[in-house]
Amino acid sequence: MDITRSSPAPMRVVTAPPEAPDLTVLPAAVPLPGPLEAVLPAAVPLPGPPEVVLPAAVPLPGPPEAAASGPVPPTTARPAADRGLLRDLLALVRPGQWVKNLAVVPLALLDVRPWHLGAFGQIGWAVLGFTLASALVYVVNDLADRERDRLHPVKRNRPIASGRVSTTAATVLAGLIAASLTCWAVAGPAWQWWPTALYLALSVAYSQGLKHVPLVDAFIVASGFVLRLVQGALLVGGRISEWLALCVFALCLMLSLGKRRHEMTAAGRAHRPALRGYTLAFLDHLVVLVAVLTAVSYVLYLRDDAALAAGASFVTLLSAPCAVFGLARYLQLLLVEEGGANPVHVLFRDRATLVNATLWAVLVSVALLLSRL
């Protein structure tokens, strides 16, 4: 048997391999739907990892952070800034110092016989006027002293000195207060506002240069409190006691000198030119001298000018030790403990002073009630 004839011929894979398809013809022969970028990855695989090809071929939706490029929703930053500005404007008029008007102006009621609602209303009107006047003075002084206040370790935190309140905003606030004060003077009794006007005139002179004159600066500050007493007496129609006016003047002069002494110990003399005319020893002597004058004038007022009954006079004289103790306690805070920078804080934060002031107020109130029985 011829094996070569009966067996089938082998496949021609050895002599001629099958013809490979021409892939370059497919895109032209069979158009595929979709953009070119979608065809190329299927027809001709590109080198590189898939994450390099996918963003170019099929745009994917971005993360949620991509929406941040759109409109920004409203936040609470602006209201918070507005509240901060309002707080700074309120701090600029120093509401903590308004207690001075509440403490001095009503002293005119000590010589009113008898008390009536009209007198209390007039005292309230006087307190309002001096509160507006003092607020205006505070704003004007802070505007004038902003450069010097920046040299002080405490005053540099004031709204204008620190830059939290601009000079434009402070000027607008001063204008509004001045307009309100004008309305107060026009609406009140005719020509009964001259103590407030004199206080403003002295304050303007103080701001323009007198605050740089040693001793004169402290005397002007103390005179402003006497004018508060006079304003209250004018509006209630009471008599102005010379001893009471001297007592108020001496007390406020002592507090003013004590404040200057504290400023010298805390920040030196650079921030206030008037301090160059003082020394610590000189201020110590002045403070003690004025404290003695305060105590003597208070006792003389009780003896000569206070219109009290016999029993009331005895009770009131019992308050004299309270007055002397209050003066001694202030001197202790000033000279021993190096305090006394803010007399209002001394009054409301020192426990010994609070207890003494409460006892003094009770004795004076009992004396006033006995004198009216």
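Here is a short report on the structure shown in this document. Just so you know, these numbers come straight off a predicted model, no measurement behind them. (Residues numbered from 1 in each chain as written. Predicted model: local features only at pLDDT ≥ 70, side-chain atom pairs only at ≥ 80, totals over all residues. Heavy atoms only, no water.)

## Things to note about the overall build of the chain
Helix and strand content of the chain: 17 helices and 0 strands. Counting only residues that meet the buried cut, the chain has 36% of its 373 residues in that class. If you take every contact in the chain between residues at least 6 apart in sequence, the share linking residues at least 24 apart comes to 72%. About 21,700 Å² of surface is accessible on the chain, with carbon and sulfur atoms providing 71% of the total. (Helix = DSSP H or I, 4+ residues; strand = E, 2+ residues; numbered from the N terminus. Buried < 20%, exposed > 50% of the residue type's maximum accessible area, 1.4 Å probe, protein only. Contact = heavy atoms within 4.5 Å. Areas by Shrake-Rupley, 256 points an atom, 1.4 Å probe, with all protein chains shown as cover.)

## Things to note about unusual backbone geometry
In this structure, Arg94 is a non-glycine residue whose phi angle is positive, near 55°. In this fold, Arg94 is placed in the loop between α5 (77-92) and α6 (99-104). Phi at Leu215 is positive, roughly 75°, even though this residue is not glycine. Here Leu215 lies in the loop between α10 (194-208) and α11 (216-236).

## Concerning a nonpolar patch on the surface
The grouping of Trp115, Leu117 and Phe120 at the surface amounts to a nonpolar patch, some 340 Å² of accessible area in total. Note on placement: Leu117 falls in helix α7 (residues 117-144). Overall, the relative accessible area of 75% leaves Leu117 in the exposed class. (Patch = residues over 30% accessible without salt bridge, like charges linked within 9 Å, V, L, I, M, F, W, Y side chains within 5 Å. Salt bridge = Lys/Arg side-chain N within 4 Å of Asp/Glu carboxyl O.)

## Some words on the side chain of Gln231
Mapping Gln231 onto the fold places it in helix α11. Since its relative accessible area comes to 0%, Gln231 is described here as buried. Polar side-chain contacts of Gln231 include one of 2.6 Å to the backbone oxygen of Gln192. Aside from chain neighbours lying at most four places away, what touches Gln231 is Ala126, Phe130, Trp184, Gln192, Trp193, Pro195 and Thr196. (Polar contact = N/O pair within 3.5 Å; in protein donor to acceptor, adjacent residues only side chain to side chain.)

## A few points about the pattern of salt bridges
Charged atoms that come close allow side chains of opposite charge to pair. Across all of its chains, the model carries 12 salt bridges by this definition. The partner of Arg260 in a salt bridge is Asp217, with the nearest N and O atoms 2.8 Å apart. Taken as a pair, Arg260 in helix α12 (residues 242-267) and Asp217 in helix α11 lie far apart in primary sequence, 43 residues in all. Within this structure, Arg94, Asp142, Asp149 and Arg158 form a network of salt bridges that share partners.

## Re the packing of α7 against helix α9 (residues 167-187)
Orientation of α7 relative to α9, taken along the N-to-C sense of each, is 155°, at an axis distance of 9 Å. Relative to α9, the element α7 is oriented roughly antiparallel. Crossing of α7 against α9: the hand is left-handed. Taken together, the residues of α9 that come into contact with α7 (itself represented by Trp125, Ala126, Leu128, Gly129, Leu132, Ala133, Ala135, Leu136, Val139 and Leu143) are Thr167, Ala170, Thr171, Leu173, Ala174, Ile177, Ala178, Ser180, Leu181, Trp184 and Ala187. By residue class, the composition of the contact of α7 with α9 is 17 nonpolar, 4 polar and no charged. (Axes fitted to C-alpha atoms, helices over the stretch in contact; angles between N-to-C directions. Parallel < 35°, antiparallel > 145°, perpendicular 65-115°, else oblique. Left-handed = near helix turned anticlockwise from the far one by under 90°. Nonpolar A, V, L, I, M, F, W, Y, C, P; charged D, E, K, R; others polar.)

## Focus: the nonpolar core
In terms of nonpolar packing, the biggest core is built from 37 residues, with Val248, Leu253, Met254, Leu257 and Tyr278 touching the most fellow members. Those elements that place two or more of their residues in this core are α11, α12, α13 (280-305), α15 (319-336) and α17 (351-371). Looking at this core element by element, the count peaks at 11 residues for α12. Not counting the four nearest positions on each side in its chain, Leu257 is found in contact with Ala218, Tyr278, Leu283, Leu286, Val287 and Val290. If you look at the next biggest cluster of nonpolar residues, it comprises 13 residues, including Leu92, Val93, Leu173 and Ala174. (Core = buried A, V, L, I, M, F, W, Y, C linked by side-chain atoms within 4.5 Å.)

## Here's the deal with the environment of Val140
Tracing the backbone shows Val140 in helix α7. Linking Val140 and Thr171, residues 31 residues apart in sequence, is a C-alpha distance of 8.1 Å.

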